[in-house]
Amino acid sequence: MLCFERAALSKVNTEFAVNTMFQSGHGGKQVYDGSGDQSIDLYEPVLYINSQIDHNTSIFGSVVFDALSSASAKAFDSGTGASGGNAAAGGEGEGGGGESLLPGWQTRIGLDGGYSKKVGTWVFTPTAGYSSELSYRSLHGGLNVQKFMAEDNFVLSAGVFHFSDSANQWSLSKAGFLGFKSKATNSVNISASQLLSEKDLILCGLSYTRQAGFLGGTRNTVSTGTVVTDRANEVLPQGRDKFTANARYVRSLGERLALHLDYRYYTDSWAIRAHTWEPSLAVSFSEEKGVFRVLYRRYSQTAARYYADSFSSGIKSRMTSDSDLDKFTANEAGVQVSYALDQGGNSRHEWSWSGTALYYKRSNDLQALVFQAALNMKF
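This text gives an overview of the structure that appears in the document. These numbers were taken from a predicted model, which means no experiment stands behind them.

Another aspect to go through is the overall build of the protein. Tallying secondary structure elements over the protein gives 1 helix and 18 strands in all. Against the compact-globule benchmark of 21 Å for 379 residues, the protein has a radius of gyration of 23 Å, which places it among compact chains. Within the span of the protein, comprising 379 residues, buried residues form 39% of the whole. For the protein, contacts bridging at least 24 residues in sequence account for 58% of all contacts bridging at least 6. Surface accessibility of the protein: about 19,800 Å² in total, with carbon and sulfur atoms responsible for 58%.

As structure tokens, this is what we get:
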């Protein structure tokens, strides 16, 4: 998402961003009431802070608050009482689900931080974070290491990350929460970038992720009969291996124009295979104070081996109707713009703003509008 960097060293860099998403679609076979309604309104303010201690050391962090209103979640809550809104239907249940900070909305609070230290030609960046919502909690940490070689024209990067999560699943048969179940995710990645010439840059990377524990959706259900009420919780394996390979090529087409081309291949132990193509064109303006970018993204995947629209033929040991695990193709197009405001020579602050607008549509009846606006101040 980064379009350009300013070379001047800043002591403190703060950015306030607001992300919004408006999603619609009626192809969600996992929705509790059988309507397939996947409409979502999301509002997400985020505060980023980066403190540059010296040329080799920085501390950074972010605070995020999500407020999400989902048609499928409301249908589920009103029918089961999963968020405590309908005691007659089970209330909070045995496991206890807590309450949302905003009635009628699902909320999440997240904290992330890190420390970056350059030692000679090495850069070490440990990170950690925590997030919490009604039925999901996550605690994570990791370490990324970079090595700069050949006068910084060749860079090797490697990282290892661990997520210790827990999810509280609602049981349709017991009409209550089952209690928080653990989920562990471990990931390693490696990448290399090479400046081929004054106009060409290439990057390649590989990653492997292993997940274990409760991997199902806390509210996802499947149809088990001809009547809408004939539904059961989805059941997924307690292990998943993910592999990705990605490549990026950047080509300068002039002093103000650059072409980016990204490709990503994904495969996992659930039989999903996916390809992502993302070309984009970036142009600078106003003496490089601003950048305008046009992007397009094409994504296609196969279905997970456990997916089916319904399971009326009988209950399976593994079953899901989650539309995200179905076979589909998706297209996304959008624009991004960023601009550094001219403050004059006497100003101690540097202001800049950025914005993004995206339209997303996929073949299994889902579409979304995404907007992002940010204001940045350096002092």
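Bringing a nonpolar patch on the surface into the picture now. Together, Phe 16, Val 18, Leu 47, Ile 49, Val 63, Ile 109 and Leu 111 make up a nonpolar patch on the protein surface, roughly 560 Å² of accessible area in all. For the nonpolar patch, the secondary structure elements donating two or more residues are β1 (12-24), β2 (40-54) and β4 (106-119). Among the secondary structure elements, Leu 111 is positioned in strand β4.

With that settled, consider the pattern of salt bridges. Applying the stated criterion across every chain, the model contains 9 salt bridges. Where Glu 44 meets Arg 108, a salt bridge forms, and the shortest distance between an N and an O atom there is 3.7 Å. Here Arg 108 lies in strand β4 and Glu 44 lies in strand β2, a separation of 64 residues in the sequence. The buried category is assigned to Glu 44, whose relative accessible area is 16%. Between Arg 210 and Asp 241 there is a salt bridge, with the nearest N and O atoms lying 3.0 Å from each other.

As defined by bridge partners, β2 adjoins strand β3 (residues 57-70) across 12 bridges and the pair is classed as antiparallel. Pairing of Ile 40 across the sheet is with Ser 70, part of β3. Adjacent in sequence and paired antiparallel, β2 and β3 are bridged by 2 residues. Bridge count between β3 and β4: 12 bridges; the pairing is antiparallel. Across the sheet, the residue bridging to Leu 68 is Gln 106, located in β4.

Taken as a whole and assessed by the stated rule, the structure comprises 13 aromatic pairs. Relative to Trp 277, the ring of Tyr 263 lies with its centre 4.5 Å away and its plane at 45°, an arrangement referred to as tilted. Of this pair, Tyr 263 sits in strand β13 (residues 257-268) while Trp 277 sits in strand β14 (residues 273-285), and the two are 14 residues apart along the sequence. Where Phe 285 meets Tyr 339, the ring centres are 6.0 Å apart and the plane angle is 10°; that geometry is what we call stacked. Of this pair, Phe 285 sits in strand β14 while Tyr 339 sits in strand β16 (residues 328-340), placing them 54 residues apart in sequence.

All right, on to helix α1 (residues 71-80) then. Every buried residue of α1 is listed here: Ala 73, Ala 75, Phe 76, Asp 77 and Thr 80. Structurally, α1 contributes buried residues whose contacts are with β3, β7 (154-171) and β10 (221-223). Phi turns positive one or two residues past the end of α1, at Gly 81, with a value near 75°.

With that settled, the discussion passes to the environment of Lys 181. Tracing the backbone through its elements, the reader meets Lys 181 in strand β8 (residues 176-195). We classify Lys 181 as partly exposed; its relative accessible area is 31%. The spacing of Lys 181 and Lys 289 is 108 residues in sequence and 49 Å in space, taken between C-alpha atoms. In contact with Lys 181, not counting residues within four places along its chain, are Asp 165, Ser 166, Ala 167, Gln 169 and Phe 214.

The next thing to look at is the nonpolar core. Trp 270, Leu 325 and Tyr 360 are the most contacted members of the largest nonpolar core, which has 18 residues in total. Listing elements by their share of this core, those giving two or more residues are β2, β16 and β18 (366-378). In this structure, Leu 325 is in contact with Leu 236, Arg 240, Trp 270, Ile 272, Gln 301, Ala 303, Ala 304, Tyr 307 and Thr 320, ignoring residues within four places of it in sequence.

Here we come to the pairing of strand β12 (residues 239-252). Examined bridge by bridge, strand β9 (residues 200-213) and β12 share 13 bridges and lie antiparallel to one another. From the neighbouring strand, Cys 204 faces β12, where its bridge partner is Ala 247. Relative to β13, β12 runs antiparallel, the two sharing 11 bridges. By the bridge assignment, Val 250 is partnered in β13 with His 260.

Right, let's talk about the environment of Arg 362 for a bit. With respect to the helices, strands and loops of the structure, Arg 362 is situated in strand β17 (residues 350-362). Overall, the relative accessible area of 7% leaves Arg 362 in the buried class. C-alpha separation for the pair Arg 362 and Asn 331, spaced 31 residues apart in sequence, amounts to 6.2 Å. Here the side chain of Arg 362 touches Asn 364 through a polar contact of 2.8 Å, side chain to side chain.

Thresholds, definitions, all that
Residues numbered from 1 in each chain as written. Predicted model: local features only at pLDDT ≥ 70, side-chain atom pairs only at ≥ 80, totals over all residues. Heavy atoms only, no water. Helix = DSSP H or I, 4+ residues; strand = E, 2+ residues; numbered from the N terminus. Rg over C-alpha atoms; globule rule 2.2 N^0.38 Å. Buried < 20%, exposed > 50% of the residue type's maximum accessible area, 1.4 Å probe, protein only. Contact = heavy atoms within 4.5 Å. Areas by Shrake-Rupley, 256 points an atom, 1.4 Å probe, with all protein chains shown as cover. Patch = residues over 30% accessible without salt bridge, like charges linked within 9 Å, V, L, I, M, F, W, Y side chains within 5 Å. Salt bridge = Lys/Arg side-chain N within 4 Å of Asp/Glu carboxyl O. Pairing = 2+ DSSP bridges. Phe/Tyr/Trp six-rings, centres within 6.5 Å; stacked < 30°, edge-to-face > 60°. Core = buried A, V, L, I, M, F, W, Y, C linked by side-chain atoms within 4.5 Å. Polar contact = N/O pair within 3.5 Å; in protein donor to acceptor, adjacent residues only side chain to side chain.

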